[in-house]
Amino acid sequence: MDYSLAEAYASCAAHTRAEAKNFYYAFVMLPSARRRAIYALYSFCRTVDDAADEAPSPAIAEDELKKIRYDLALCLEGRPPNLQFAALADTITRFGLKPEHLLAVIDGVEQDLTVTRYDDFDQLRDYCWKVAGAVGLLSLAIFGYSDSRAEAYAEDLGLAMQLTNILRDIKEDLARDRIYLPRDEMVHYGITEEILARGELDSGLRDFLAFQAERARHYFESGLRLIPLVDYSSRVCPMMLHAVYSRVLDH
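Let me sum up the structure you'll find in this document. (Residues numbered from 1 in each chain as written. Predicted model: local features only at pLDDT ≥ 70, side-chain atom pairs only at ≥ 80, totals over all residues. Heavy atoms only, no water.)

Let us now look at the packing of helix 3 (residues 32-53) against helix 7 (residues 121-143). At their nearest, the axes of helix 3 and helix 7 sit 9 Å apart, and the two run at 160 degrees to each other. Relative to helix 7, the element helix 3 lies roughly antiparallel. Every pair of crossing elements has a handedness; the one defined by helix 3 and helix 7 is right-handed. Contacts from Arg34, Ala37, Ile38, Leu41 and Cys45 of helix 3 reach helix 7 at Val135, Leu138, Ser139, Ile142 and Phe143. (Axes fitted to C-alpha atoms, helices over the stretch in contact; angles between N-to-C directions. Helix = DSSP H or I, 4+ residues; strand = E, 2+ residues; numbered from the N terminus. Parallel < 35°, antiparallel > 145°, perpendicular 65-115°, else oblique. Left-handed = near helix turned anticlockwise from the far one by under 90°. Contact = heavy atoms within 4.5 Å.)

Spelled out as structure tokens, the structure:
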């Protein structure tokens with residue numbers, strides 16, 4: 001395929017503008033080179049998500065994710081198969097993105113095809129690391145940092161955002177027969193799947209959801225420590241992401 005890097009990054013920027021919603025206005029605050037890179041990363045992650053969420057069947061979703069794995073392998077070999085992966089290949093080279101973190105994102109989304117319940121928070125946290133913590137580390141590489149403590153805080157901010165998504169999307173996930181809430185904690189609070197499906201906020205469900213929200217707030221507090229550790233020119237972006245998602249959790 002005959003294309004320029006400018007075209008490749010422009011394609012990712014257009015994809016991000018069309019889909020990013022809460023993320024986009026945080027991304028535009030980055031310096032231009034970092035902004036282009038975050039568009040390339042977002043476009044990749046969104047493509048992976050959509051491969052599972054928009055496929056008409058799990059079998060088709062699995063095939064789509066296999067194709068993305070293959071395309072990523074070509075990208076890592078320096079033979080990107082399309083505009084999106086051309087931008088990602090350049091971003092990997094410029095900012096040192098780790099292939100294992102990109103693969104973790106695919107692993108996490110692929111897990112959604114077979115795992116629909118989580119026995120405890122350890123299992124849920126492992127899933128969240130793949131789909132959000134790894135993305136936090138990839139984003140951190142683009143933001144720039146010199147203090148290694150930033151890595152744990154970036155993972156925690158990603159986890160806080162994913163836990164917020166889980167609480168926001170309980171009804172939507174139930175419609176897909178998915179529950180991203182620890183089963184042992186549901187049992188402790190006397191919450192059944194039927195109670196979740198009804199969505200009637202009695203005291204037991206309120207207490208259970210308040211406990212989940214408080215956990216997310218704990219990770220937001222840790223994630224806030226990331227901001228002074230990233231390169232000065234990048235700080236507004238994670239600051240805005242933290243502020244926007246904290247407001248979503250409050251709501």
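For the rest of this paragraph, the subject is the packing of helix 12 (residues 203-224) against helix 13 (residues 236-250). Orientation of helix 12 relative to helix 13, taken along the N-to-C sense of each, is 165 degrees, at an axis distance of 11 Å. What the angle tells us is that helix 12 and helix 13 run roughly antiparallel. Every pair of crossing elements has a handedness; the one defined by helix 12 and helix 13 is left-handed. On the side of helix 12, the interface is formed by Ala213, Ala216, Arg217, Phe220, Gly223 and Leu224, while helix 13 contributes His242, Tyr245, Ser246, Leu249 and Asp250. Its residues placed into classes, the contact of helix 12 with helix 13 shows six nonpolar, three polar and two charged. (Nonpolar A, V, L, I, M, F, W, Y, C, P; charged D, E, K, R; others polar.)

In total, this model carries 22 salt bridges according to the counting rule given. Between Lys67 and Asp71 there is a salt bridge; the shortest N-O distance is 2.8 Å. Of this pair, Lys67 and Asp71 both sit in helix 4 (residues 58-76), separated by four residues, roughly a single helical turn. Its relative accessible area of 7% is what places Asp71 among the buried residues. With its nearest N and O atoms 2.8 Å apart, the salt bridge here joins Glu193 to Arg117. One end of the pair, Glu193, is in helix 11 (residues 193-198); the other, Arg117, is in the loop between helix 6 (99-111) and helix 7, with 76 residues separating them in the sequence. (Salt bridge = Lys/Arg side-chain N within 4 Å of Asp/Glu carboxyl O. Buried < 20%, exposed > 50% of the residue type's maximum accessible area, 1.4 Å probe, protein only.)

What follows is about the state of the cysteines. A covalent bond bridging the sulfur atoms of two cysteines is what the word disulfide describes. Going through the model one piece at a time under the given rule, you end up with zero disulfides. Sulfur of Cys12: no disulfide; nearest cysteine sulfur belongs to Cys75 and is 10 Å away. For Cys12, a relative accessible area of 1% gives the class buried. (Disulfide = S-S within 2.5 Å.)

Next up on the list: empty space enclosed by the protein. Using the criterion set out here, one finds two cavities of 30 Å³ or more in the structure. Of the pockets and cavities examined, the largest cavity occupies roughly 40 Å³. Together, Ile166, Ile170, Asp173, Arg178, Ile179, Tyr180 and Leu181 line the largest cavity. Of the residues belonging to the lining of the largest cavity, the class tally is five nonpolar, no polar and two charged. Each pocket or cavity is described by its volume, and for the second largest cavity that value is around 30 Å³. (1 Å grid on protein atoms, 1.4 Å probe; cavity = no way out; pocket = protein on both sides within 12 Å on 5 of 7 lines; lining within 4 Å. Points joined across faces, edges and corners; volume = space filled by probe spheres on them.)

Further remarks concern the environment of Leu74. Tracing the backbone shows Leu74 in helix 4. Overall, Leu74 belongs to the buried group, its relative accessible area being 11%. Distance in space between the C-alpha atoms of Leu74 and Leu174 is 36 Å, their sequence separation being 100 residues.

Geometric descriptors of this kind do not, in isolation, establish any biological role.
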